[in-house]
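Analysis of the macromolecular model
Residues per chain, in single letters:
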Amino acid sequence: LAIAPVVAPAASVDGFAKQFLQNLNFDQGVTLSTSDVNDQYLALAYTVRDYLMARWFDDRAQQKTQQAKTVCYLSAEYLLGRQLDNNLLAARLTDIATEALAQCGIDIDDLRQVEIEPGLGNGGLGRLAACFIDSLATMSVPTIGYGIRYEYGIFRQAFADGQQIEQPDAWLRMGSPWDFAHPEAAQTISFAGTTETYDDDGVERTRWVPEWNVLAVPYNMMVPGYHNGRVNTLRLWRAVATNAFDLHTFNSGDYVQSVRAQTFAENISKVLYPEDSTPQGKELRLQQQYFFVAASIADFIENVLPGDFDLEQLPERVIFQLNDTHPVIGVPELMRVLVDEKKLEWDAAWAITQKCFAYTCHTLLPEALEVWSVDLLGRLLPRHLEIIYRINDEFLLEVRERFGDDEMLIRNMSIIGEHPYRSVRMAYLATVAGSKVNGVAELHSQLLRDNVLKDFAAMWPDKFTNVTNGVTPRRFLRLANPDLSALITEALGAGWTVDLERLRGLEALADDADFRERFAAVKVSNKRRLSRVLEARGEDALDDGHMLDVMIKRLHEYKRQTLKVLHIVSTYEGIVSGRLDIADVQARTFLFGAKAAPGYGMAKRIIHLINAVGEVVSADERVQGKLKVLYPANYNVTLAESIIPAADLSEQISLAGKEASGTGNMKLALNGALTIGTDDGANVEIRKLVGDDNFFLFGMSEPEVEALWAEGYRPADFYQGDERLRSAIDLIAAGAFSGGDRTVFEPLVSNLLYEDRFMALADFSSYLDAQDRVDAAYADQDGWVRAAILNVARSGYFSSDRAMRDYLERIWHATPVS
Ligand code: 26M
């Protein structure tokens, strides 16, 4: 029998319509007239898939036959956002699909709205992974993204009386047309038990005798490159109980009970942990990490490499990029595979392992650095703990050789910490094992070298490098901002989508009054579009003519949403008390989007405060509608795509030295928002590129922050020293936003006055001065629009395509394939 090659359906309106109707009939089991909007959405998704399928097969086959190096991106999170529009765009099918559906009497926009985004990440780190795999596909780099197919992604946020409540995100309930289960490619992943030595033909070896195991079933998602015909793979693992699920820890010979016990195994991929700092050391979280990393390494060796592959050559074929410390347990896992299973010598295995991993750090907060107690790690992964101990022993010998018997240094650099309990420091393990360690913005990488990993940088200066983050221009400009995209394409041609530095060509147009007018008109229309989106979500509409001032990011004390609130309260209080002339105040809408980790009490109080202030300020007639606060619930990628193109002002106000990079800052600048920001993370580089005239800088620099801490920071001094600050805090404390109840926000107020870890009070007056400059600048609309255009023109550097080129050159030493 001749096996017909897979061919894509005809790339015509008729061909598309035919395929769509076929999928509606044979996959959804409905006719056009009996179908509902979800059936139609699914059939449309299947149709887009059908067009990409042949390429996907080709690229996977090529990966096996070609000897090109593969980037294996290991990430516990991928915050993908909606898939439909992105895949239509990549496959050049948007117009064809729109027309084909119109012929069927369907408005494609109605179908777009029903897609539930896969929220398999918390925030910046997960979204970065999604941008990176988009760029790698667009640049034809053989890549596999490996991660976890959480059944429940990041929780859905709702507000009740201004306070956050969390609801489960059942994103799979309506079907998941974008992924393919491959149960035949499942891996068995083991846990717990003991280790033993045995005689292997005269060689003493160690083996792990696990206690229980689970199946890791891969689900493949297509990652299409933009207009290049490449389709890479995102492979997410789901935990399924094995038939031989070892029940002896649970059962008592009770069949029903034993079947129920299988849910224990399936819990592993059940839910995304909604924290994005301060890891809790929870056992399930370690299970998740080992589960996906062990499955990924085995999958690559068994299914991507040819059968007879010589593992000594592994570093030529793969680089495992560690997205933060979450996948670092892969280091001892690869050692275990090479030494225990493939029977390589320790030294040979270690030489291979060190070349196969590289580590990206995404934080500087000490409390965010992951550690696992030796107790827990030894119980769950006893063999891995032994391997970590040996790695550490040999590493510390090396330290002694280099620096002598400096016991203090040894204690500081040890992968095993002793206080307050014995633990494995995952960032140190990653640094010792990785061929490279990178930070995510210049300042962050510098602080890594100077502070967090200083002893390691002294030992291996060449190991450390920087790759400043980037964002995909396809999703965050081309798709999110179609009107601006059309204007840019008209001015510069279409090439900017894959060569973002071409935006430089807009600089000349900043002085063209006609272009400025059209650019400003796009902003106005994006605000109207956002307003409709908000109304559809049951929120208030935007007021015409308002400056849109946005702060969209996770809720964290270090990001300082409270500083933003103090600005709002101060402006409100200034108008009401007569200290400010209302005529000098620009009409503004303050828009927040932020989820708080469910267990982060202070962050939740800040949410409550924002909503409480918003309610009072937005409704007070004395401000004559000039100040509005909006806080739409459940900020996510989909909502970001509506907010970012409409924004005038981007709030990037973290305490200097705390925000590793930020990526929202890049997305907003790229869409023509001006930044008010501290000298922190990638803000530093944004300001350098867009120029001081087009950026509102305020606040202490990182060295100034250090100096103020060192001398002893007393926030109350700043409260006493600035009347505007005193009035604002007093108003909150007096219960002005809590119906006269002084207790509601008391913990928040006393935290600010007596602790203020992130020095909001110290930066307050500088921040208010910068906001005055914002108001003055906005009053000159022509000047503002000019600055906005220059922000777009000079943000090309922040493309994730550039970031991928940097990783390829500095870390991966891999190349695109033809
Ligand atoms: C760890 C353990 C247990 C539960 C959750 C975690 C965890 C999950 C996500 C910890 C951190 C997580 O993400 C951190 C993060 O998003 N960092 C951000 O990374 C961005 C991309 O590099 C940067 O732009 C941000 O500055 C940085 O805060």
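The structure displayed is predicted, hence computed values, not measured ones. Throughout, a residue's number is its position along its own chain's written sequence, starting from 1. Confidence filtering applies because this is a predicted model: local features only for residues at pLDDT of at least 70, side-chain atom pairs given and counted only at 80 or more, and all residues used for totals across whole chains, interfaces and linings.

Topic: the pairing of strand E1 (residues 70-74)
Applied cut-off: Residues with at least 20 other C-beta atoms within 10 Å of their own are called buried, those with 12 or fewer are called exposed, and the rest are partly exposed. The C-beta atoms themselves are positioned from the backbone. Secondary structure elements are taken from DSSP: a helix is a run of H or I of four residues or more, a strand is a run of E of two residues or more, and numbering for both begins at the N terminus. Strand pairing is defined by DSSP finding a minimum of two bridges between the two strands.
With five of five residues buried, E1 is to be regarded as a mostly interior element. Burial of the side chains of E1 extends over both faces: Thr70, Cys72 and Leu74 are buried on one face and Val71 and Tyr73 on the other. Direction of pairing for E1 relative to strand E13 (residues 318-323): parallel, over a ladder of five bridges. Across the sheet, threonine 70 pairs through a bridge with valine 318, a residue of E13.

Side note on the sheet that holds strand E21 (residues 588-593)
The cut-off we apply is this: The axes are straight lines fitted to the C-alpha atoms, using for helices just the contacting stretch, and the angles between their N-to-C directions are given from 0 to 180°. For the purpose of contact definition, each residue receives a C-beta atom placed from its backbone, and two residues are in contact when these atoms lie within 7 Å.
With parallel pairing, the six strands of this open sheet are ordered in space as E22-E21-E20-E23-E24-E25. At either end of the open sheet lies a strand with only one pairing partner, and these are strand E22 (627-630) and strand E25 (695-697). On average, adjacent strands in this sheet sit at an angle of 20 degrees to one another, irrespective of strand direction. The pairing of strand E24 (residues 674-677) with E25 spans three bridges and is classified as parallel. Bridge assignment links isoleucine 676 to a residue of E25, and that residue is phenylalanine 696. The sheet contacts of helix H21 (residues 561-577) involve strand E20 (547-552), E21, E22 and strand E23 (649-652), and relative to E22 the element is tilted by about 150 degrees. The sheet contacts of helix H25 (residues 683-690) involve E23, E24 and E25, and relative to E25 the element is tilted by about 130 degrees.

Points about the sheet that holds strand E16 (residues 416-417)
Read from one edge of the open sheet, three strands run E15-E17-E16, paired in antiparallel fashion. At either end of the open sheet lies a strand with only one pairing partner, and these are strand E15 (371-373) and E16. Two strands pair when backbone bridges link them, and E15 and strand E17 (residues 423-425) are joined in this way by three bridges, in the antiparallel orientation. Among the inter-strand pairings, serine 373 is bridged to a residue of E17, identified as serine 423. With respect to the sheet, helix H15 (residues 426-433) is in contact with E15 and E17, its orientation differing from that of E17 by roughly 50 degrees.

Some words on the packing of helix H19 (residues 482-492) against helix H20 (residues 513-536)
Test applied: Just so you know how the angles are binned, under 35 degrees is roughly parallel, over 145 roughly antiparallel, 65 to 115 roughly perpendicular, and the rest oblique. Left-handed is the label given to a crossing in which the near helix is rotated counterclockwise from the far helix by less than a right angle, and right-handed is the label when the rotation is clockwise. Three classes are used: nonpolar for Ala, Val, Leu, Ile, Met, Phe, Trp, Tyr, Cys and Pro, charged for Asp, Glu, Lys and Arg, and polar for all others, with Gly counted as polar.
Contact geometry for H19 and H20: axes closest at 9 Å, N-to-C directions at 165 degrees. The orientation of H19 with respect to H20, classified from their angle, is roughly antiparallel. Handedness of the crossing formed by H19 with H20: right-handed. Between H19 and H20, the residues in contact are Asp483, Leu484 and Leu487 and Arg518, Phe519, Val522, Ser525 and Asn526, respectively. Tallied by class, residues from the contact of H19 with H20 come to four nonpolar, two polar and two charged.

Considering the domain arrangement of the protein
Accessible area lost upon the coming together of the parts serves often as the stated size of an interface. Note the following rule: Just so you know, the domain bounds were taken from an automatic or database domain assignment.
By the assigned domains, the protein splits into domain 1 (66-82 + 128-151 + 174-468) and domain 2 (473-798). For domain 1 and domain 2, the distance between their C-alpha centroids amounts to 37 Å. The interface of domain 1 with domain 2 comprises 23 residues on the first partner and 22 residues on the second. Secondary-structure elements contributing two or more residues to the side of domain 1 that touches domain 2 are helix H6 (124-138) and helix H16 (442-452). Per-element tally for the side of domain 1 that touches domain 2: the top contributor is H16, with four residues.

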